[in-house]
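Working through the structure, step by step
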Amino acid sequence: MPTSPKKSLLEVQFPIGQLSLESYLERDARTGKILNSLGKWWGTKPIVLTRSVILGSLFEASEDPERWPDDLEIFLKLLCFDNAGMWKRRNEGLKEISSRPPWPRFAELCLLQADSEERDLFKDGGVDTSDIRWRPRLNEEELARKEALEKRVFYGLGHEAQRRYCKRMEEVDGPPPESWQEINAYCGTQASSLQDWVAEMSQRRYGRMIKVGDAFSGMGSIPFAAAELGCDVFASDLNPVASLLTWGALNIIAGEPEFHAEVLAAQEKIYQEIDHWYLQEGLETSEEGWRATLYFYCVEITVPEWDGWKIPLSGTWQLLKSSKTQPWVELIPDEETKSFRFKVNYGGDGFADSNKGSKVGPDVVCPQSLWDLLHVQGKTANTSRTIPLNSLIENHGGLRPWEKSDFMPRPSDFYGERLYAIRWEKPLPKGKKKNIFREPREFDLKVEAQTEQLISKHLSDWQKEGWIPDWRIQEGVKTRELIRTRGWTHWHHLFTPRQLLMAATYSQRIQEIASRTRPSMALNLGQLTNYSAKLCRWDSTGNSAKEVFYNQAYNTLLNFIGRGWKMMENPVNPHHFSRKGEGSHSNTMTDARVLNSCCDLWITDPPYADAVIYEELSEFFLAWYKPHLKACFPNRYTDSKREMAVKGDDASFRISMSECYSNLTCNMPDNGLQVLMFTHKDTDVWEDLALIMWSAGLQVKQVWSIATETPGAGIRVGNYVQATYNMILRKRPSDAPMGFVDLVIPQIKTRVEEVILHMRDSQIQSGGLNCGYTDTDYLLAAQAVAAEVVTGFSSIDGIDLEEELRTPNKQRGNSVLKDMMNQAKRTAVDFLVPLGLEEHLRRSPDGTSAYQFWRNLSPEEKFLLKSLELEAGGVSKIGAFQDLGRAYGIADYEDLLGPVVANEARSQLPSEFPRADLARWEDLPANERTHFPHSVTRHLYHALKMLAEGADADRAVKHLVDSTNFWSERQGKHLVILAYLYQTTEANQAWQDLRPLLQTLRLAVENHRA
Ligand SMILES: C[S@@+](CC[C@H](N)C(=O)[O-])C[C@H]1O[C@@H](n2cnc3c(N)ncnc32)[C@H](O)[C@@H]1O
């Protein structure tokens, strides 16, 4: 059967504005993410992005560019980004999504547009604008009118505003029927579902169902999105944890509903059985029969300087910071044991004081009650109330490395561990319950000792069986912290005896179940350990317990939380979604360098040059999974294969990536496509990527930059996002031309300009600040574009591919490729004119293009003017200014910043600059005139400083006349920059005193006569 040679839409256009918004919101969603129930992995890609990539790869681009807008319109229908699709995606009752800033309620928007009859539909006719809501109990006819009004209002909103009242795209099953009519008419298909459409278009392009592959599958989001669309899927990852998660995505969530039901039933049964066992044994029950939900532990150290007292450490003794009940822990000195007893109190005078813990910053602080006691005993004269923790560790002789047989600290260890509070669930009449915080009582401590004895008795046997890990912690970048900060040398050291008992009981129990569902129970065991280890933190402000991997590191803690079995219901008995996929799928565990499975479309998201150390983080889980993985997948390895993981950013990274991608290129037909997803800020990685793809025989066809990730938390105005670059790659034809540097560079320049403009347009479309790109994003995109041009050539004079790959970074120096990338960056920098400045230039009389004007400024001027644009957008993080400094290649950009405070960064004010260079313009050598010290911006800043210090306007202008090319440039430069400064500092607090002076200076410059 002939297959379609047409270009795919993905090679021509992509709705990056809408997709950025969708991807961003998918990542930001707090609940309901489809794969989250499976477990923990890092850097998963948004499903909406993969889905769009697959559909875009199958959508045939029209040959006539005139029809491209029509292509896009239909493609948007396919993605449910058009009015009808968005209407289908609307939330129940058009409820606004939870996000910041809070959006207006939809009823409020409707009232604004309601005619006099429609106002009837509102409570009290909508008169009370403080409480706008629909009238209750509308009859059928009224409901119909209400829906008509809602639809009219909704269709009148832009995409971004509509999205505030909609579900994620993957939460609906595809376009509504009316869209299918249009899609089918345009594409020549007969589909009524996305799966039908994918099947028909696959047939047309490949003569069969498309096979989508992911060689770095991680959590499995890419294979899952492909399976959901009905594609045949190949998924693989080097890491057994990733492979197990991908298994879950494909078999539990995208698998048969019967299997899904079997899994849910099995996990429920186990959960209940263990619950019953806990109740029977009374291991989490108080004397009164209450059930424990949380255990609060802290470390304890002996301080010789304080008469050998044992000091429990915590940053605060408040258990809940913002609750009415105000529970807190009182430390009561016990002279007999030279240690403290704990007493939980509620509220009272001591609550505020209890916020001060015994560990403040790097120091241990003697609790007041003990300090008073020592004082009375005359033991405080030669010691201080605060002692650095590190010096205490040092004086103790360091930390003892724990042995395999250890499962709790020994009495002579520097760090001991103590249980200082328990949260109980007290039953109340009518099935109600109440949380009670209480210090552990004698009875509770006996139960605690019982669990310790159980572990002591069984540790060795259970380690042999594998129910408790016996693996040594292999030292690495991340794991080193465990050894260094606690002396923990084996994975089971990260758990209290109670936690070990819980995990071992679960692990032992799941070995008995059918092997079909056992991998899914192993995933639950992973969830259990992530939620029940000594690295779980209590957030007393948010009243919530955190998991081990709330970030990508092993953070050891001074006080930590243990969960009772009742609190483990979500982790071990999760509600998995069920979304059956139609196609076939295979899931293997392979090094991408050697996999062997031909795919039409590879969508890959490789490790990002050390952004996440997957292999080390996964070992936490693997230590527990081992017996189950061996039983379920007998032919597979169970370790993290650290040595084979793609990592680093030096020659070894380039070589391993090149080997992986060469192999993928071999495993794809000539008409196949690859999409490489990459999220990284370091601009050097891009040069490497170009090299890697080029050496792998691939040609970059397009690069789409989608804003997917927030470096901080959540959407905040002005909180800039991180982009995922989607490189669209095809096999480079065997007859690709040879390139010559002199011809390649102009091509790069033209393409960079096109792409930057496209990104800026999309940013405007998607609502500006919420999906803003930083200048670094533009620079990275520019480099990606350079990659696009370069990889189209079979070779370029002066570039030795092998040598570039293999030469270590330190010895690489300046290569031809690097020059080309820098050229691309320069073009981009020249192009990034602040929007406000562009506006003023348009008004300026001498017709200079914004681009020319900007290009002629010095890097420091660009930095200052751009910084003010950032500040106007609410940006105050130092990182954003660092990015700018890097983008403009200014080594000492900090000299251009005001006082550096992490989250209150801003550019330097005129008054903060040192005195300017007062050389006269005419006397300056020509080559110095373009330098920052003699630039217009610099001298305008100086003139403002003069005004601020009391000089009159004439003197300030005279300074400009002397030091700048005033008579030639006043209209086209001085006045443009002054107007820009005035406009862009409107809401800038730091500039408020200067703004009247800006006006004064502007008038004086404008009216000055010789
Ligand atoms: C960025 S993650 C992929 C995340 C994934 N796209 C998702 O949505 O969850 C990169 C993956 O590459 C895997 N990896 C590292 N080296 C590899 C190799 N040599 N072969 C195959 N996979 C490898 C890591 O285990 C990790 O899961």
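Residues numbered from 1 in each chain as written. Predicted model: local features only at pLDDT ≥ 70, side-chain atom pairs only at ≥ 80, totals over all residues. Heavy atoms only, no water.

1. Things to note about the overall build of the chain
- Scanning the chain for helices and strands turns up 36 helices and 21 strands.
- Its C-alpha atoms give the chain a radius of gyration of 32 Å, within 12% of the compact-globule value 30 Å for 1010 residues.
- In the chain, which comprises 1010 residues, the share counted as buried stands at 59%.
- Total accessible area on the chain stands at roughly 41,300 Å², and carbon and sulfur atoms take up 49% of it.
- Across the chain, the 119 positively charged side chains and the 139 negatively charged ones have centroids separated by 3 Å. (Helix = DSSP H or I, 4+ residues; strand = E, 2+ residues; numbered from the N terminus. Rg over C-alpha atoms; globule rule 2.2 N^0.38 Å. Buried < 20%, exposed > 50% of the residue type's maximum accessible area, 1.4 Å probe, protein only. Areas by Shrake-Rupley, 256 points an atom, 1.4 Å probe, with all protein chains shown as cover. Lys, Arg positive; Asp, Glu negative; His and termini not counted. Charge placed at Lys NZ, Arg CZ, Asp CG, Glu CD.)

2. Some remarks on the packing of aromatic side chains
- By the definition in use, this model includes 42 aromatic pairs.
- Ring centres of tyrosine 278 and tryptophan 565 lie 6.1 Å apart, and the angle between their planes is 25°; this geometry places the pair in the stacked category. With tyrosine 278 in helix α12 (residues 257-281) and tryptophan 565 in the loop between β14 (559-563) and α20 (569-572), this pair connects stretches of sequence that are 287 residues apart.
- Residue tyrosine 278 is classed as buried on the basis of its relative accessible area of 1%.
- Overall, the relative accessible area of 0% leaves tryptophan 565 in the buried class.
- Here a set of aromatic residues connected by ring pairs shows up, and it is made of Trp41, Trp42, Trp491, Phe495, Phe549, Tyr554, Tyr614, Phe620, Phe621, Trp624 and Tyr625.
- A cation sits over an aromatic face here: arginine 90 above tryptophan 87, 3.9 Å from the ring centre.
- Taking NZ or CZ as reference, arginine 995 lies 4.0 Å from the ring centre of tyrosine 982, over its face. (Phe/Tyr/Trp six-rings, centres within 6.5 Å; stacked < 30°, edge-to-face > 60°. Lys NZ or Arg CZ within 6 Å of the ring centre and 35° of its normal.)

3. Here we look at the site of the ligand
- Within the structure, the ligand sits among 25 residues, and Met219, Ser221, Asp237, Ala592 and Asp605 are positioned closest to it.
- In the model, a nitrogen atom of the ligand is placed 2.9 Å from a nitrogen or oxygen of the alanine 592 main chain.
- Considered on its own, the ligand offers 600 Å² of accessible surface; in the complex 99% of this is hidden by protein.
- In a pocket analysis with a 2 Å cut-off to the grid points, the ligand is assigned to the largest cavity.
- In terms of residue class, the shell around the ligand is made up of 13 nonpolar, seven polar and five charged. (Near = heavy atom within 4 Å. Polar contact = N/O pair within 3.5 Å; in protein donor to acceptor, adjacent residues only side chain to side chain. 1 Å grid on protein atoms, 1.4 Å probe; cavity = no way out; pocket = protein on both sides within 12 Å on 5 of 7 lines; lining within 4 Å. Sits in = over half its atoms within 2 Å of the grid points. Nonpolar A, V, L, I, M, F, W, Y, C, P; charged D, E, K, R; others polar.)

4. Re empty space enclosed by the protein
- Applying the stated criterion across every chain, the model contains nine cavities of 30 Å³ or more.
- The space that makes up the largest cavity amounts to roughly 360 Å³.
- Forming the walls of the largest cavity are 31 residues, and the residues nearest its centre are Trp41, Phe216, Asp237, Pro607 and Tyr614.
- Elements supplying a minimum of two residues to the lining of the largest cavity: α10 (221-228) and α21 (614-632).
- Its residues assigned to classes, the lining of the largest cavity shows 16 nonpolar, nine polar and six charged. (Points joined across faces, edges and corners; volume = space filled by probe spheres on them.)

5. Considerations on helix α35 (residues 966-984)
- Taking 1.5 Å as the rise per residue, α35 with 19 residues should run 27 Å; its terminal C-alpha atoms sit only 23 Å apart, a clear shortfall.
- Along its length, α35 reaches its greatest deviation from straightness, about 40°, at glycine 972. (Expected span 1.5 Å × (residues − 1). Bend = angle between axes of the 7 residues up to and from the residue.)

6. Focus: the layout of surface pockets
- Estimated volume of the second largest pocket: approximately 910 Å³.
- For the lining of the second largest pocket, the secondary structure elements donating two or more residues are β3 (291-303), β6 (339-346), α15 (389-396), β10 (416-427) and α16 (442-465).
- Tallied by class, residues from the lining of the second largest pocket come to 16 nonpolar, six polar and 12 charged.

7. Some thoughts on the confidence of the model for the chain
- Here the chain averages 90 in pLDDT, while 94% of its residues score no lower than 70.
- Contacts from residues 711-721, a stretch scored under 50 in pLDDT, to residues over four places away or in other chains number 41 contacts. (pLDDT = per-residue confidence, 0-100. Contact = heavy atoms within 4.5 Å.)

8. Looking at the pattern of salt bridges
- In this structure the tally under the stated criterion is 64 salt bridges.
- We note a salt bridge from arginine 135 to glutamate 142, for which the minimum N-O separation is 2.7 Å.
- Arginine 135 gets classed as partly exposed once you look at its relative accessible area, which sits at 27%.
- The partner of arginine 145 in a salt bridge is glutamate 141, and the shortest N-O contact between them spans 2.8 Å. In this pair, arginine 145 and glutamate 141 are both assigned in helix α6 (residues 140-156), four residues apart and thus about one turn of the helix distant.
- Residue arginine 145 is classed as partly exposed on the basis of its relative accessible area, which comes to 23%. (Salt bridge = Lys/Arg side-chain N within 4 Å of Asp/Glu carboxyl O.)

9. Re the sheet that holds strand β7 (residues 359-360)
- If you walk across this open sheet you meet the three strands as β7-β8-β9, and the pairing is antiparallel. Edge positions in the open sheet fall to β7 and β9 (386-388), since each of these has one partner strand only.
- Running over the sheet, α15 touches β7, β8 (363-365) and β9 and is turned about 65° from β9. (Pairing = 2+ DSSP bridges. Axes fitted to C-alpha atoms, helices over the stretch in contact; angles between N-to-C directions.)

10. Some details on helix α9 (residues 194-206)
- In this model α9 runs 17 Å from its N-terminal to its C-terminal C-alpha over 13 residues, within 8% of the 18 Å that 1.5 Å per residue would give.
- Within α9 the residues assigned to the buried category are Leu194, Trp197, Val198, Met201, Ser202, Arg205 and Tyr206. Seen along its axis, α9 keeps its buried residues to an arc of 130°; they face one direction.
- Backbone geometry just after α9 places glycine 207 at a positive phi near 75°. (Arc of directions from axis to C-beta.)

11. Describing the pairing of strand β5 (residues 327-334)
- Taken together, the eight bridges between β5 and β6 define a ladder with antiparallel strand orientation. Looking at β6, one finds that aspartate 334 is bridged to serine 339.
- Linking two consecutive strands that pair antiparallel, namely β5 and β6, is a turn of four residues; a positive phi of about 50° is found at lysine 338 within it.

12. Comments concerning the packing of helix α8 (residues 177-187) against α9
- In contact at an axis separation of 12 Å, α8 and α9 are set at 5° when each is read in the N-to-C sense. In terms of axis orientation, α8 runs roughly parallel to α9. Each of Trp180, Ile183 and Cys187 in α8 lies in contact with α9, whose residues at this interface are Leu194, Trp197 and Arg204.
- Classifying every residue of the contact of α8 with α9 by side-chain character gives five nonpolar, no polar and one charged. (Parallel < 35°, antiparallel > 145°, perpendicular 65-115°, else oblique.)

13. A short note on the pairing of β3
- Within β3, 12 of the 13 residues are buried, which leaves the element mostly enclosed by the surrounding structure.
- Pairing analysis gives nine bridges linking β3 to β10, with the strands arranged antiparallel. Note that in β10 the partner of alanine 292 across the bridge is tryptophan 424.
- Summarising the sheet, β3 and β14 pair through five bridges and their orientation is antiparallel. Each residue of the ladder has a partner; that of tyrosine 295, found in β14, is glycine 562.
- With five bridges joining them, β3 and strand β4 (residues 309-313) adopt antiparallel strand pairing. For glutamate 300, the partnering residue across the bridge sits in β4 and is proline 312.

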